[in-house]
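A structural walkthrough
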Amino acid sequence: RKEVEQDPGPFNVPEGATVAFNCTYSNSASQSFFWYRQDCRKEPKLLMSVYSSGNEDGRFTAQLNRASQYISLLIRDSKLSDSATYLCVVTAARDFNKFYFGSGTKLNVKP
Amino acid sequence: DTGVSQNPRHKITKRGQNVTFRCDPISEHNRLYWYRQTLGQGPEFLTYFQNEAQLEKSRLLSDRFSAERPKGSFSTLEIQRTEQGDSAMYLCASSLPGTGYSPLHFGNGTRLTVT
């Protein structure tokens, strides 16, 4: 079983829409959680860390549900520039210096 | 720009040749990671260093792969006797030491094509 699983999409949404992605992780003792954004043929870039209480950064909201072992990313008022692949990242249970990546969810925002 | 730097950006090599990639992490980051990414997949962990010590190697890293970080600063990843299956993006990342919530910062990657 993979440590981190994501729906590959693509999610095709119009500009201005609200879209949400979920990501599930297999080890209940995982410690740290992140969302990264990756543009085509570029390196992943940190979008936001995910805290236990949930956190928001502008149009982006991240939530952690430890009971169900998933994290979510909500994007409000989608922009064309939000089109990218969104990678879910979880650290290992016993070694939070070891990061596991999901395969990514592709988002296409259309005019 | 004081981000993570990787060289070369692209490498095309013939099967059987050896290749070496270099990564210069962010200067105050003592942890350095190598990942490999193929099309449609997320980055796969290869190995990581804390200072000059290589703390873990993935089972993905066959005997043909070796990584070093001799002085705890830059790192090199060497692939010997390359195979077509080695074609991928090789990503280097660094992070601060910490007890959690210290994210990875990636370089631009080295795209390897083995012909």
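Residues numbered from 1 in each chain as written. Chains lettered and ligands numbered in written order. Predicted model: local features only at pLDDT ≥ 70, side-chain atom pairs only at ≥ 80, totals over all residues. Heavy atoms only, no water.

Now for the overall build of chain B. Secondary structure assignment for chain B yields 0 helices and 11 strands. Mapped in sequence order, the helices and strands of chain B form the string β-β-β-β-β-β-β-β-β-β-β. For chain B, restricting intrachain contacts to residue pairs at least 6 apart in sequence, the fraction spanning at least 24 positions comes to 54%. Summed over all atoms, the accessible surface of chain B reaches about 5800 Å², with 44% contributed by carbon and sulfur. (Helix = DSSP H or I, 4+ residues; strand = E, 2+ residues; numbered from the N terminus. Contact = heavy atoms within 4.5 Å. Areas by Shrake-Rupley, 256 points an atom, 1.4 Å probe, with all protein chains shown as cover.)

Below, the discussion takes up the pattern of salt bridges. Residue and element names in this part refer to chain B. Counting across every chain of the model gives 8 salt bridges over all chains. For Arg64, the salt bridge identified is with Glu83, shortest N-O distance 3.4 Å. Residue Arg64 is found in the loop between strand S6 (53–57) and strand S7 (65–68), and its partner Glu83 is found in the loop between strand S8 (75–79) and strand S9 (88–95); the two are separated by 19 residues along the sequence. Of the residues examined, Glu83 reaches a relative accessible area of 41% and is grouped as partly exposed. Each of Arg64, Glu83 and Asp86 takes part in salt bridges that share partners, so that together they form one network. (Salt bridge = Lys/Arg side-chain N within 4 Å of Asp/Glu carboxyl O. Buried < 20%, exposed > 50% of the residue type's maximum accessible area, 1.4 Å probe, protein only.)

Quick look at the pairing of strand S8 (residues 70–75) of chain A now. All names here are of chain A. Sheet analysis places strand S3 (residues 19–25) next to S8, joined by 6 bridges and oriented antiparallel. Note on S8: the bridge partner recorded for Ala20 is Leu74. In this sheet, S8 lies alongside strand S7 (residues 60–65) in antiparallel orientation, the contact comprising 6 bridges. Within the sheet, the bridge partner assigned to Ala62 lies in S8 and is Leu73. Hairpin connection, S7 to S8: the antiparallel pair is bridged by 4 residues, and Gln69 has positive phi, about 55 degrees. (Pairing = 2+ DSSP bridges.)

On to the interface of chain A and chain B. Taken together, the contact pairs 23 residues of chain A with 24 residues of chain B. Each partner contributes to the roughly 2000 Å² buried at the junction of chain A and chain B, and carbon and sulfur atoms together form 52% of this total. Summed over the shared surface of chain A and chain B, the number is 1 salt bridge. A salt bridge links A:Lys98 to B:Glu56; the shortest N-O distance between them is 2.4 Å. For the side of chain A that touches chain B, the elements supplying multiple residues, two or more each, are strand S4 (33–38), strand S5 (45–50) and strand S10 (99–101) of chain A. In terms of residue class, the side of chain A that touches chain B is made up of 10 nonpolar, 8 polar and 5 charged. (Buried area = accessible area lost by both parts, 1.4 Å probe. Nonpolar A, V, L, I, M, F, W, Y, C, P; charged D, E, K, R; others polar.)

Let's shift gears to the nonpolar core. One finds A:Phe21, A:Trp35, A:Ile71, A:Leu73, A:Ile75, A:Tyr86 and A:Leu107 to be the most contacted residues of the largest nonpolar core, which totals 23 residues. Within the residue set of this core, elements represented by two or more residues are S3, S4, S5, S7, S8, strand S9 (84–91) and strand S11 (105–110) of chain A. Residues contacting A:Tyr86, with those up to four places away along its chain left out, are A:Gln6, A:Phe21, A:Trp35, A:Tyr36, A:Arg37, A:Leu47, A:Phe60, A:Leu73, A:Ile75, A:Gly104, A:Thr105 and A:Leu107. Residues B:Val4, B:Phe49, B:Leu77 and B:Ile79 belong to the second largest nonpolar core, which totals 19 residues. (Core = buried A, V, L, I, M, F, W, Y, C linked by side-chain atoms within 4.5 Å.)

This brings us to the packing of aromatic side chains. The relative placement of two aromatic rings is captured by the distance of their centres and the angle of their planes. Under the definition given, this model contains 16 aromatic pairs over all chains. Plain terms: the ring middles of A:Tyr36 and B:Phe106 are 6.0 Å apart, the flat faces sit at 85 degrees to each other, and that makes the pair edge-to-face. Placement of the pair is A:Tyr36 in strand S4 and B:Phe106 in strand S10 (residues 105–106), with the two residues belonging to separate chains. Its relative accessible area of 0% is what places A:Tyr36 among the buried residues. Looking at B:Phe106, the relative accessible area reads 9%, which means it is buried. (Phe/Tyr/Trp six-rings, centres within 6.5 Å; stacked < 30°, edge-to-face > 60°.)

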